[in-house]
Amino acid sequence: MSRKPYIRSVSTTSWWTVQPRYIRYMAREVSCVLIGAYSAVVVIGLLRLAEGAAAWNAFLECLQKPTSIAFHLLALAFALYHTTTWFNVTPKAMPIQLGETQLPGGIIIGAHYAGWVVVSVVILFLVGV
Amino acid sequence: MARSHKPIVWSLFAAGGTFAAFITPVMIFVTGLAIALGLMPAETLAYERVLAFVQNPIGKGLVFLLVFLPAWHAAHRLRITAHDFGIRADTLVATLCYGLATLATAVTVYALFSV
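A brief report on the enclosed structure follows.

Reading the values: rules and limits
- Residues numbered from 1 in each chain as written.
- Chains lettered and ligands numbered in written order.
- Predicted model: local features only at pLDDT ≥ 70, side-chain atom pairs only at ≥ 80, totals over all residues.
- Helix = DSSP H or I, 4+ residues; strand = E, 2+ residues; numbered from the N terminus.
- Rg over C-alpha atoms; globule rule 2.2 N^0.38 Å.
- Buried ≥ 20, exposed ≤ 12 C-beta atoms within 10 Å, placed from the backbone.
- Contact = placed C-beta atoms within 7 Å.
- Core = buried A, V, L, I, M, F, W, Y, C linked by C-beta atoms within 7 Å.
- Nonpolar A, V, L, I, M, F, W, Y, C, P; charged D, E, K, R; others polar.
- Expected span 1.5 Å × (residues − 1).
- Axes fitted to C-alpha atoms, helices over the stretch in contact; angles between N-to-C directions.
- Parallel < 35°, antiparallel > 145°, perpendicular 65-115°, else oblique.
- Left-handed = near helix turned anticlockwise from the far one by under 90°.

Remarks on the overall build of chain B
Next, step 1: Along the backbone of chain B there are four helices and zero strands.
Next, step 2: Along its sequence from the N terminus, chain B presents helices and strands in the succession α-α-α-α.
Next, step 3: Computed over its C-alpha atoms, the radius of gyration of chain B comes to 17 Å, more than 25% above the 13 Å expected for a compact globule of 115 residues.
Next, step 4: Its C-alpha atoms put chain B at 55 × 30 × 20 Å along the principal axes.
Next, step 5: Among the 115 residues that make up chain B, the fraction classed as buried is 35%.
Next, step 6: By sequence separation, contacts in chain B at least 24 residues apart represent 71% of the contacts at least 6 residues apart.

Okay, here's the thing in structure tokens:
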């Protein structure tokens, strides 16, 4: 008598809804949709800029709409989630060895956050916020 | 050994992910939210000011990176994520994702050289 074969019934489309950590993984992955969409917004803005002052001002008008604000808030939330998840794996993605010891992961992550704050503040200063 | 395009898309994914992590949040705030939420004067993104920035070679380079790197990062991650959502038509998905990133890159170069 053969044993009953073990068959896992895992959905290929909704497997990630069963565990919070899978949902967090998918949220990290889906951040690329918002990041890609923001690239598209920049491309549209560049085309309007190339068309002249009237087209650029119309583009700026569109950015004032509630739908645009909602999109950018959502994109900002996902972009920030991308930043934290990206920085938090840096000790695994590029471990730094000093002689016999490994540089603690917290230092690598902390250096990324510190650099991020500096870069963001410099950009805000240069833009003139 | 068989040649593969994997190192190219992977290095673009890594470079784009790093660039997006450092630069994209603050740029979304600057171009998409700061004026609309009244946190920055509207003149900051005035036509003459943005035009001068984009006509400058360094500005052109920075704007190119702002589109190009995150777009390729997003394209590669979206291709992989499509598989996680149960879509198995990888050739079609890869063509669409990398095709969109190529289109975004090409239009950006066109726009940057016509301003």
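That shown, we press on.
Section: the overall build of chain A
Next, step 1: Counting its secondary structure elements, chain A contains five helices and two strands.
Next, step 2: Reading the helices (α) and strands (β) of chain A from amino to carboxyl end gives α-α-α-α-β-β-α.
Next, step 3: The globule rule puts the C-alpha radius of gyration for 129 residues at 14 Å, and the 22 Å found for chain A is more than 25% above it.
Next, step 4: Its C-alpha atoms put chain A at 80 × 50 × 20 Å along the principal axes.

Comments concerning the nonpolar core
Next, step 1: Ranked by internal contacts, the top residues of the largest apolar core, which has 43 residues, are Ala79(A), Val67(B) and Ala71(B).
Next, step 2: Taken together, the elements giving at least two residues each to this core come down to helix H1 (20-51) and helix H3 (66-88) of chain A together with helix H1 (6-33), helix H3 (57-84) and helix H4 (90-114) of chain B.
Next, step 3: Among residues more than four places away in sequence, those in contact with Ala71(B) are Gly36(A), Ser39(A), Ala101(B), Ala104(B) and Thr105(B).

Quick word on the interface of chain A and chain B
Next, step 1: Between chain A and chain B, the contact holds 45 residues from the first and 46 residues from the second.
Next, step 2: At the level of elements, H1, helix H2 (53-62), H3 and helix H5 (105-127) of chain A are the ones that each hand at least two residues to the side of chain A that touches chain B.
Next, step 3: With 16 residues, H1(A) is the largest single contributor of residues to the side of chain A that touches chain B.
Next, step 4: When the residues that make up the side of chain A that touches chain B are grouped by side-chain class, the tally is 32 nonpolar, 12 polar and one charged.

A word on H5(A)
Next, step 1: A rise of 1.5 Å per residue sets the reference length of H5(A), with its 23 residues, at 33 Å; its end C-alpha atoms lie 33 Å apart and thus fit the reference within 8%.
Next, step 2: Gly128(A) sits one or two residues past H5(A) and shows a positive phi near 100°.

Section: the environment of His5(B)
Next, step 1: Along the chain, His5(B) turns up in the segment before H1.
Next, step 2: Taking the C-beta count within 10 Å as the criterion, His5(B) has 9 such neighbours and is therefore assigned exposed.

Focus: the packing of H1(A) against H4(B)
Each pair of packed helices can be described by the angle between their axes along with the distance between the axes.
Next, step 1: Running from N to C, H1(A) and H4(B) cross one another at 30°; their axes reach a closest spacing of 9 Å. The angle between H1(A) and H4(B) falls in the class roughly parallel. Every pair of crossing elements has a handedness; the one defined by H1(A) and H4(B) is left-handed. Only Ala104(B), Val107(B), Thr108(B), Ala111(B), Leu112(B) and Ser114(B) of H4(B) make contact with H1(A), whose side of the interface consists of Ser39(A), Ala40(A), Val43(A), Leu46(A), Leu47(A) and Ala50(A).
Next, step 2: Counted by class, the contact of H1(A) with H4(B) contains nine nonpolar, three polar and no charged residues.

A closer look at the environment of Pro20(A)
Next, step 1: For Pro20(A), the position within the fold is in helix H1.
Next, step 2: For the pair Pro20(A) and Phe125(A), spaced 105 residues apart in sequence, the C-alpha to C-alpha distance is 39 Å.

Observations regarding the packing of H1(B) against H3(B)
Residue and element names in this part refer to chain B.
Next, step 1: Between H1 and H3, the shortest axis-to-axis distance is 7 Å and the interhelical angle comes to 120°. In terms of orientation, H1 and H3 fall into the oblique class. The crossing of H1 and H3 is left-handed. Contacts between H1 and H3 involve Val9, Leu12, Phe13, Ala15, Gly16, Gly17, Phe19, Ala20, Ile23, Thr24 and Met27 from the former and Leu65, Leu66, Leu69, Pro70, Trp72, His73, His76 and Arg77 from the latter.
Next, step 2: Split into classes, the residues belonging to the contact of H1 with H3 amount to 13 nonpolar, five polar and one charged.

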